Amino acid sequence: MGKRGSRSQSQLLNTLTKKRKKHLRDFGEEHPFYDRVSRKEAKPQICQLSESSDTSDSENESESEPEQVSGYHKLLATLKNVSEEEEEDEEEEEEEEEDSIVDDAEMNDEGGGSDVSVEEEMAAESTQSPDNVALSADPEGKEDGEGPPGTSRASSDEFTDAKHESLFSLETNFLEEESGDKSLKASQDPFLQHVNKELKEKEIQAVATNPKTTHELKWPILGQLVFSSKFQKLETFKPPKDIDLKSLHLQKPLESTWTKTNSKFLSGPQKSSNPFTPIQKELFLIMNSYRDLFYPERTALKNGEEIRHVYCLHVINHVLKANAQVLGNNSKRRSQKFGVGDDDDFRDQGLTRPKVLIVVPFREAALRVVQLFISLLEGDSKKKIIVSNKKRFQGEYGSDPEERPPNLKRPEDYEAVFVGNIDDHFRIGVAILQRSIRLYAPFYSSDILIASPLGLRTIIGGEGEKKRDFDFLSSIELLIIDQADIYLMQNWEHVLHLMNHMNLLPLDSHGVDFSRVRMWNLNNWSKYYRQTLLFGALQDAQINSVFNKYCVNMQGQVAVRNVPMTGSISHVLVQLPHVFQRMEAENLASVIDARFNFFVNKILPQYRDAVMSHTLIYIPSYFDFVRLRNYFKKEELNFTHICEYTQKSGVSRARHFFLQGEKQFLLFTERFHFYKRYTIKGIRNLIFYELPTYPHFYSEICNMLRATNRGEEATWTCTVLYSKYDAQRLAAVVGVERAAQMLQSKKNVHLFITGEK
C-alpha cells in the first residue's frame, strides 16, 4: 500500500505544471481553479445543537481525535523533498527570458531598418488618433482628450506617453557603444562642472541678503558687458583670439556638423580655422560657461539668424550631454551586481524630463529652430536621422507663399519679423535620443519644449482653474526667451506669469525614480542652476526687470549695456522742430496719472484751436489710449481713433476723415503701427504721448508728414512728453549725451531739434 500510495502521489505530482507546483508549495493547497467538483449534488445535513450547552465541544473533540492528513498536505510533503537544483533551474530560465526580452528591445532600438517602421507607425498613430498626442500644436483643440461615450480619460494622460514609450524613454535605453561617453569624463567639461557643483545651505540663505557685486568689461564685438552675481565669488573672463572646437567640449556629432550648418555665415578660410562668426564666438563662450545672458541688440535684419544658430548649438549640446549621462549610467547599473555601488553616483536627472524651454513668438521661429536641430544632428553624413511626425509638423508650422498678398510694401524690418507662419498660439514637445528626433512628444516625455507665451499661458492656467498644469517647468535647466521685445507688443503679462511658475516643486511625481534625481532638484534649488538666455532688440525697463528679478544663476549674470550715441532722431528726413517737454512725477507708480494730467492741462489746450487741425496723437500703451478716448468723448472733441482692435472698415473711415480734415484729432496706438505699418496721410501736428518702445518708430512717424506735402512745412510741429523714468527710451531717440543734458535739468525743457534733410 505504501508503494502504491507513493506512486500515485508521484504520478499526480508529475501531472502538475510549474505554476501549480509553486502554488502548492507556497500555500499548501492547489489553486481553487483546479478543484475537482463532482457532478452529484450533495444532500444538505441538518445539525441540531443542544439547548443546554451554549458552546460547542469542537475544541475537546479536536484534542481527542487524531489529526487527519489531507491529500494536499501529502503532496506538499513530497514537494518539500524536491531538490533545490530544480528551483535554481527555474530561476535561471526566468532570468534568461528577461535577458532575451531586453536584448530584443536593444536590437529594435539599434537596428536601422526597424526605425523606419517605427516612424511610419508613429505617423499612422498620429493621423488615426490625434487626440492622443499630448499638448498638441493646435491649442484650440480639445486638450482633455475626450474619448467616445462610455470611456473616461484623466487630464494627466495628456502629459504621458501611451505607445512607443520605450523607444524614446531614457530609463529603458542604454548608451550606444559607438558614441561612448569620453567627453563626459573630461574634468574640464563645463556641463559637468555646472551640474555637479554642490551648493551649501548657508550660500542659499545668504543670497537673499547679499548685495549684488558687479564688474564691467569691454569685449571686442559685444561691447560693454556687466558681470554680476549675488554669490560670493564673481569670476570674469575675456574671449580668446582663437578657439579650438575641442576646447569647447562639444558632444558628438556636433564637432563635425556645426561647421556645415553655420557655413552660410562664414567665408573662405574662416570655415576651417574658426567655424564661428565674431559675434557667435563671444556669445557661445558666455553660453558655454552657463551664465545668464541678456543681449538687447538682436535684430531680425542684422544678426537674428546668427544668434538662433548659436543658441540651438548650445541647446543640442546640453541635451545630448544630459541624455548621454543618463544612458551611460543605465549601462553601468545594468552591468553592476545588485547591491554594489552607491545610488548617489547615479543622480543624473531632474524631477521631470523636460530640461530646455525655448520661447519664441511665432510658428515660423519654431519651424526654424527644429530645422536647425535636424541639421545639427544630421550634418553631412549619408545616414539620415529619424524624424517622426515631420510631415505633420511642416504642414502645421510651415506657410504657403501664395497666402501673402501681392504688392504689399512694408519696411525691411517688418518683412523680416512677420515672415512665414505668424500664428502666436502654439506649443510642441521634442524628444531627442541618439540619432532620432520625435516631434509632438508629450511634455513629460520631451527633452525640449518650444512654445509661445500664449501657448504656455493656456496650459499653466490661473489660480482657481481646474485644468492647469505647470509641473513640466519644474526641472528646466536652460530657458531661452528669444525676441523678447515682440512680447511687449503681444502680452507681457504672459511672460511674467511664466516666470512665476518656473522651477517650482511638482505636485505629482510623474513616475520619477527618486534615486536618480539630483539633490539640488530635491532641495528645490533648481532656479539657482537654471541658465536663462534673453535676447531682444532694445533696452527696456520691463525686460531688464525680468532679467534682474528672475535670473539668479549661481554662475552669475552677464548683460550687454551699450549706450546709443546718435539716436533715431538722426533718421528723420523732414525739416521739423521737435519740442521735448518734461513732466515731473514723484515716483514710478504716479507717472501714468502725472502724464495724463500734464497732457490735459498743458498740452491739449494748445491744440483745441481749429488752426491746429490734423493732429495725430501717438500712444504706446493701450490703457492710456482707452483713458484718452473716454476723455475725448466726455469733452465732445472732434476726433477719431485707430487701435489694434479696430476693424478694416473702421480704419479706412478714420484715415479718410483725418485726411480730409473732418476729424481734428486721431488717436493712434503703437501696437497697431507695429502689426500694420500703415502710412497715415494728412499729418501736420504730432504729439508723442509717451516715447515709443521701438526707437525707429519715432523717425517712421515723423517721416509720415512728407506723405502729403502741400507746402505746409512751416506749420509742422512735433511735441514729445517725457519724464526722468524714460531715460532709456529718451537716449535711444536723441542720443545718450543729449539725453543726459535733458534729464539733468529740473525744469520743463523745450528743445528745438531740426532733423537732417
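The structure we're discussing is the one just above.
A brief look at the structure comes next. Everything numeric here is computed off the predicted structure, so don't read it as measured data.

### Looking at the packing of helix α12 (residues 304-335) against helix α13 (residues 363-378)
Direction vectors running N to C along α12 and α13 enclose 55°, while the axes themselves pass 10 Å from each other. Classified by the angle between their axes, α12 and α13 sit oblique to one another. Crossing hand, α12 versus α13: right-handed. Contacts from Glu305, Arg308, His309, Tyr311, Cys312, Leu313, Val315, Ile316 and Leu320 of α12 reach α13 at Ala365, Arg368, Val369, Leu372, Phe373, Leu376 and Leu377. Taken together, the residues of the contact of α12 with α13 break down into twelve nonpolar, one polar and three charged.

### As for the state of the cysteines
Enumeration over the complete set of coordinates arrives at zero disulfides. Cys702 provides the cysteine sulfur closest to Cys718, a residue in no disulfide bond, and the two sulfurs are 4.3 Å apart. Exposure remark for Cys718: the relative accessible area of 1% places this residue in the buried category.

### Describing the nonpolar core
The biggest cluster of nonpolar side chains holds 75 residues, and the ones touching the most others in it are Leu357, Leu473, Phe580, Leu616, Leu686, Phe688 and Tyr698. Considering every element that reaches this core, the biggest residue donor is helix α17 (residues 484-490), with five residues. Counting contributing residues per domain, this core is built from domain 1 (212-266 + 275-335 + 365-399 + 413-560) and domain 2 (568-754), each supplying no fewer than three. Tyr698 has contacts with Ser568, Ile569, Val572, His578, Phe580, Phe688, Pro692, Cys718, Val720 and Val733, leaving out every residue within four places of it along the chain. In this structure, Phe227, Val430, Ile450 and Val560 belong to the second largest nonpolar core, which totals 61 residues.

### Considerations on the pairing of strand β1 (residues 213-219)
In terms of strand pairing, β1 meets strand β2 (residues 223-229) through seven bridges, oriented antiparallel. Each bridged residue has a counterpart across the sheet, and for Lys218 the counterpart in β2 is Gln224. The hairpin formed by β1 and β2 contains three residues between the paired strands.

### Topic: the environment of Asp624
Positionally, Asp624 belongs in helix α22 (residues 622-634). On the accessibility criterion, Asp624 (7% relative accessible area) is buried. Expressed as a C-alpha distance, the spacing of Asp624 and Glu690, which sit 66 residues apart in the sequence, is 9.7 Å. With near-sequence residues (within four places) excluded, Asp624 lies in contact with Ile592, Ile619, Tyr689 and Glu690.

### Let's talk about unusual backbone geometry
The omega torsion of the bond from Lys252 to Pro253 falls at 5°, within 30 degrees of zero and hence cis. Within the secondary structure layout, Pro253 lies in the loop between β2 and α9 (254-261). Unusually for a residue other than glycine, Gln483 sits at a positive phi of about 55°. Its location among the elements puts Gln483 in the loop between β9 (478-481) and α17. What makes Gln483 buried here is its relative accessible area of 8%.

### Observations concerning the environment of Leu199
You can see Leu199 is positioned in the loop between α7 (190-196) and α8 (201-207). The class for Leu199 is buried, based on a relative accessible area of 10%. Spatially, the C-alpha atom of Leu199 lies 9.9 Å from that of Met519, the residues being 320 residues apart in sequence.

### Focus: the packing of aromatic side chains
A full pass over the atoms with the stated rule returns 34 aromatic pairs. Here the aromatic rings of Phe227 and Phe237 are separated by 6.1 Å at their centres, their planes lie at 70°, and the arrangement is edge-to-face. Taken as a pair, Phe227 in strand β2 and Phe237 in the loop between β2 and α9 lie far apart in primary sequence, ten residues in all. Accessibility expressed as a relative area gives 1% for Phe227, which makes it buried. Look at Phe237 and you get partly exposed, because its relative accessible area is 23%. Ring centres 5.8 Å apart and planes at 35° place the aromatic pair Tyr622 and Phe625 in the tilted group. Note that Tyr622 and Phe625 are positioned in helix α22 at a spacing of three residues, about one turn of the helix. Given a relative accessible area of 0%, Phe625 falls into the buried group. Members of the aromatic cluster, connected to one another through ring pairs, are Phe362, Tyr414, Phe418, Phe674, Tyr675, Tyr694 and Phe697. Here the guanidinium or amino end of Arg363 rests over the ring plane of Tyr397, the centre of that ring lying 4.6 Å away. Residue placement shows Arg627 over the ring face of Phe596; its charged tip is 4.1 Å from the ring centre.

Parameters at a glance
- Residues numbered from 1 in each chain as written.
- Predicted model: local features only at pLDDT ≥ 70, side-chain atom pairs only at ≥ 80, totals over all residues.
- Heavy atoms only, no water.
- Axes fitted to C-alpha atoms, helices over the stretch in contact; angles between N-to-C directions.
- Helix = DSSP H or I, 4+ residues; strand = E, 2+ residues; numbered from the N terminus.
- Parallel < 35°, antiparallel > 145°, perpendicular 65-115°, else oblique.
- Left-handed = near helix turned anticlockwise from the far one by under 90°.
- Contact = heavy atoms within 4.5 Å.
- Nonpolar A, V, L, I, M, F, W, Y, C, P; charged D, E, K, R; others polar.
- Disulfide = S-S within 2.5 Å.
- Buried < 20%, exposed > 50% of the residue type's maximum accessible area, 1.4 Å probe, protein only.
- Core = buried A, V, L, I, M, F, W, Y, C linked by side-chain atoms within 4.5 Å.
- Domains from an automatic or database assignment.
- Pairing = 2+ DSSP bridges.
- Phe/Tyr/Trp six-rings, centres within 6.5 Å; stacked < 30°, edge-to-face > 60°.
- Lys NZ or Arg CZ within 6 Å of the ring centre and 35° of its normal.

Any functional reading would require information beyond the geometric quantities listed.
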